[in-house]
Amino acid sequence: MSASDSCSSSMEEELHVLAVDDNLIDRKLVERILKISSCKVTTAENGLRALEYLGLGGDPQQSDPVTSTNVMKVNLIITDYCMPGMTGFELLKKVKQESSKLKEVPVVILSSENIPTRINKCLASGAQMFMQKPLKLSDVEKLKCHLLNCRI
């Protein structure tokens, strides 16, 4: 437990998470767990909305100072895999391939389905981790420690 505690205190001030899920209940659950774990949280209901928050929306006229400020603050993206319109995998690919600023931001994929080929595809495309739903507080603490170790 002490390793987890030290990881929490080291990252409390800096971790801003973009949580993306089309299911309101799942999105609220992820948001609550992240806030309990001392993270700043921004939520999006789908992949397109997430891209807008990240400044990768298709319309150049939509770019504004608020969006570019958010880009600099997001330290982590947690997204559901299965969403209508744009899957979490498609969001992952856009973040990793279309933005030099966001390429280094870790992306965690959540799914209620444990499909090894899907997991491997996401990890091979740059996902930091693949986690089973429902997200638990212990998962977030492990993730925060993993991210801290990656930065050292």
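Position numbers for residues start from 1 in each chain and track the written sequence from start to end. Per-residue local features are limited, in this predicted model, to residues with pLDDT of at least 70; the limit for side-chain atom pairs, both in listing and counting, is 80 or more; totals at the level of whole chains, interfaces and linings are taken over all residues. Here the side-chain values reflect all heavy atoms present in the structure, with hydrogen atoms and water set aside.

> I tried to follow the sheet that holds strand β2 (residues 40–44) on my own but got confused; where do I start?
Hydrogen bonding along the main chain pairs the strands of a sheet, whether they run parallel or antiparallel. Here we have 5 strands laid out as an open sheet, ordered β2-β1-β3-β4-β5, and parallel in their pairing. Either end of the sheet is taken by a strand with one partner, and the two such strands are β2 and β5 (129–132). Ignoring which end each strand starts from, the neighbouring axes of this sheet average 20° apart. For two strands to be treated as a pair, DSSP must find at least two bridges joining them. Helix and strand definitions follow DSSP, with helices as H or I runs of at least four residues and strands as E runs of at least two, each counted in order from the N terminus. The pairing of strand β4 (residues 107–111) with β5 spans 4 bridges and is classified as parallel. By the bridge assignment for β5, V108 is matched with M129. For this analysis, residues touch if any pair of their heavy atoms sits within 4.5 Å. Each axis is a line fitted through C-alpha atoms, and for a helix only the stretch in contact is used; angles between axes span 0 to 180 degrees, taken between their N-to-C directions. Against the sheet, helix α2 (residues 24–36) makes contact with β1 (16–20), β2, β3 (76–80) and β4, and its axis sits at roughly 170° relative to β2, the strand it touches most. Strand contacts of helix α5 (residues 88–98): β1, β3 and β4, with the helix running at about 175° to β4, the strand carrying the most contacts.

> Where do I start with the UniProt feature "modified residue: 4-aspartylphosphate" (unreviewed entry) in the chain in this structure?
UniProt positions are given in the numbering used here, feature names are shortened, and annotations may be inferred rather than shown by experiment. Per the UniProt entry, the sites bearing "modified residue: 4-aspartylphosphate" (unreviewed entry) are D80 in this numbering. Mapped onto the secondary structure, D80 falls in strand β3. Contact partners of D80, with chain neighbours within four places excluded, come to V20, D21, D22, G88, L110, S111 and K133.

> Before we go on, may I ask you to explain the side chain of S99 in this structure?
Counting through the fold element by element, S99 comes out in the loop between α5 and β4. For the purposes of these results, a polar contact is taken to be a pair of N or O atoms within 3.5 Å, where, inside protein, one atom must be able to donate a hydrogen and its partner to accept one; residues adjacent in sequence count only when each atom of the pair is a side-chain atom. At a separation of 3.0 Å, a polar atom in the side chain of S99 contacts the main-chain amide nitrogen of L102. Not counting the four nearest positions on each side in its chain, S99 is found in contact with L56 and K94.

> Explanation requested: the pairing of β2 in the structure shown.
Walk down a regular strand and you will see the side chains alternate between the two sheet faces. Note: β1 against β2, 5 bridges, orientation parallel. Directly across from V20, in β2, lies its bridge partner A44. You can see the chain leave β1, run along α2 and come back into β2, and the turn it takes is right-handed. Consider the strands pointing away from the viewer: the crossover is right-handed when the path from the first strand over the helix to the second runs clockwise.

> For this particular structure, what's the right way to read the nonpolar core?
Generally speaking, nonpolar side chains in soluble globular proteins are found buried as a group. Nonpolar cores are built from buried Ala, Val, Leu, Ile, Met, Phe, Trp, Tyr and Cys residues. Side-chain atoms within 4.5 Å join them into one set. Exposure is judged per residue with a 1.4 Å probe applied to protein chains only, and the accessible area is read against the type maximum: over 50% gives exposed, under 20% gives buried, and values in between give partly exposed. Counting residues in hydrophobic clusters, the biggest one holds 24 residues, and the most contacted among them are L18, V20, L54, I77, I109 and C122. Here this core gets 4 residues from one element, more than from any other, and that element is α5. Residues contacting I109, with those up to four places away along its chain left out, are T79, Y81, G88, L92, C122, A127, M129, F130 and M131. Membership of the second largest hydrophobic core comes to 17 residues, among which are I33, L34, V108 and M131.

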